[in-house]
Amino acid sequence: MIKHHPSPSLLEQFAAGRLPASLSVVVASHIEACGECRKNSLAMTEQAALEAFCDDEMLSDTAFVDRQADTAPPHYAGDLKDGALATIEAITELAPGDSTSVPEKVREIDVSGDRLPLPRALNSINLNKWQALGGKLSRSRLALDDDNLKSSLLHIDEGGSVPSHTHKGFEVTLLLQGSYEDEMGEYHQGDFIWLDGKHTHQPVSKEGCVCLIVSSDAMHFTGGLSQLLNPIGRFIY
């Protein structure tokens, strides 16, 4: 059961299209797994669309839709109410022979011999090769250019942990597979966790896990030999 969700404010910004690409990807990935947030996001999206495109008269009844059906070309008139989605798809579909290319969709990846289904928001984003970070940690960067925000898949192998740290900026974590625990609780597949400089933790995964992570700045390690990484933290976050 998913217990940790994006804040209502974050969902509203997502529905209104105001989030940076990296945050939109991680919120969309959570919504795909979470029926509660999916329902709330759809309601917020509908409200944002009404506020953007409709005046008071249009909000009061269905007159706007009826007027569009009356004035639309004959072959679309019957589709406006009952087949809007099909109409949009027909308009935006690439014509046969169109030379436009799109990234190849990747729906699942191999992580240490296990197949991991990817959220749809990640299907067309290239992933870089996995890099070992020492111990039982490895990372694959998302090829997503988003100013100072960096997105990655992080794999913590069974029994692995991330050294105790806090954050210079914010860090968003979405559990895609497995579970981990820290000083603040236990997290499972689908959980969405937002942390910043007010939090210090040491994630430990007994069974192993894969996380989608978005960071705005470097981690600051707080314990043991890992503190030696702090001078170069900005280059490895």
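Novice: Help me understand the overall build of the protein in this model?
Specialist: Each helix and strand counted, the protein has nine helices and 13 strands in total. Taken over 237 residues, the protein has a buried fraction of 38%. Sequence separation of at least 24 residues holds for 58% of the intrachain contacts in the protein that already meet a minimum separation of 6. When the accessible area of the protein is evaluated, it comes to approximately 14100 Å², of which 54% is carbon and sulfur surface.

Novice: I would appreciate a short explanation of a negative patch on the surface in the present structure.
Specialist: Taken together, the side chains of Asp157, Glu158, Glu186 and Glu207 define an acidic patch exposed on the protein surface. Along the chain, Asp157 turns up in the loop between β5 (150–156) and β6 (160–161). The exposure class of Asp157 is partly exposed, given its relative accessible area of 35%.

Novice: Help me understand the packing of aromatic side chains in this model?
Specialist: Two aromatic rings, taken as a pair, are described by how far apart their centres are and by the angle between their planes. Evaluation of the coordinates by the stated rule reveals two aromatic pairs. Ring centres 4.6 Å apart and planes at 25° place the aromatic pair Phe170 and Trp194 in the stacked group. In this pair, Phe170 sits in the loop between β7 (165–167) and β8 (171–182) while Trp194 sits in strand β10 (residues 192–195), placing the two residues 24 residues apart along the sequence. Its relative accessible area of 35% is what places Trp194 among the partly exposed residues. Between the aromatic rings of Tyr180 and Tyr187, the centroid separation amounts to 5.0 Å while the plane-to-plane angle is 40°, which identifies the pairing as tilted. Across the pair, Tyr187 and Tyr180 agree in class, each one buried.

Novice: Teacher, can you tell me more about the environment of Asp147 here?
Specialist: Relative to the helices and strands, Asp147 resides in the loop between β4 (137–141) and β5. The spatial distance from the C-alpha of Asp147 to the C-alpha of Ser216 is 9.2 Å, given a sequence separation of 69 residues.

Novice: Can you walk me through the packing of helix α2 (residues 21–33) against helix α3 (residues 35–53) in this structure?
Specialist: Packed helix pairs are characterised by how far apart their axes lie and by the angle those axes make with each other. Running from N to C, α2 and α3 point in directions that differ by 115°, and their axes come no closer than 6 Å. For the crossing formed where α2 meets α3, the hand is left-handed. The residues of α3 that touch α2, namely those facing His30, Ile31, Glu32 and Ala33, are Gly35, Cys37, Arg38 and Ser41. Within the contact of α2 with α3, the residues separate by chemical class into three nonpolar, three polar and two charged.

Novice: In this structure, what is going on with the packing of helix α1 (residues 8–15) against α2? I would like to understand it.
Specialist: Running from amino to carboxyl end, α1 crosses α2 at an angle of 105°, the nearest separation of the two axes being 11 Å. As summarised for this structure, α1 and α2 are arranged roughly perpendicular, according to the angle between their axes. Within the contact between the two elements, α1 uses Leu10, Leu11 and Phe14 and α2 uses Ser24, Val27, Ala28 and Ile31. A per-class count over the contact of α1 with α2 returns six nonpolar, one polar and no charged.

Novice: Before we go on, may I ask you to explain α2 in this structure?
Specialist: Residue pairs three or four apart in sequence face the same way in an α-helix, which turns once every 3.6 residues. End to end, α2 covers 19 Å across 13 residues, agreeing with the expected 18 Å (1.5 Å per residue, within 8%). Structurally, α2 contributes buried residues whose contacts are with α1, α3, β5, β8, β10 and β12 (209–215).

Novice: Looking at this structure, I do not really get the environment of Leu118. What am I missing?
Specialist: Mapped onto the elements, Leu118 comes out in the loop between β2 (114–117) and β3 (131–132). You can call Leu118 buried: its relative accessible area is 9%. The spacing of Leu118 and Glu108 is 10 residues in sequence and 5.2 Å in space, taken between C-alpha atoms. Ignoring any residue separated from it by four or fewer positions in sequence, one finds Leu118 in contact with Val106, Arg107, Glu108, Ile109, Asn123, Leu127 and Leu153.

Criteria and cut-off values
Residues numbered from 1 in each chain as written. Predicted model: local features only at pLDDT ≥ 70, side-chain atom pairs only at ≥ 80, totals over all residues. Heavy atoms only, no water. Helix = DSSP H or I, 4+ residues; strand = E, 2+ residues; numbered from the N terminus. Buried < 20%, exposed > 50% of the residue type's maximum accessible area, 1.4 Å probe, protein only. Contact = heavy atoms within 4.5 Å. Areas by Shrake-Rupley, 256 points an atom, 1.4 Å probe, with all protein chains shown as cover. Patch = residues over 30% accessible without salt bridge, like charges linked within 9 Å, V, L, I, M, F, W, Y side chains within 5 Å. Salt bridge = Lys/Arg side-chain N within 4 Å of Asp/Glu carboxyl O. Lys, Arg positive; Asp, Glu negative; His and termini not counted. Charge placed at Lys NZ, Arg CZ, Asp CG, Glu CD. Phe/Tyr/Trp six-rings, centres within 6.5 Å; stacked < 30°, edge-to-face > 60°. Axes fitted to C-alpha atoms, helices over the stretch in contact; angles between N-to-C directions. Left-handed = near helix turned anticlockwise from the far one by under 90°. Nonpolar A, V, L, I, M, F, W, Y, C, P; charged D, E, K, R; others polar. Parallel < 35°, antiparallel > 145°, perpendicular 65-115°, else oblique. Expected span 1.5 Å × (residues − 1).

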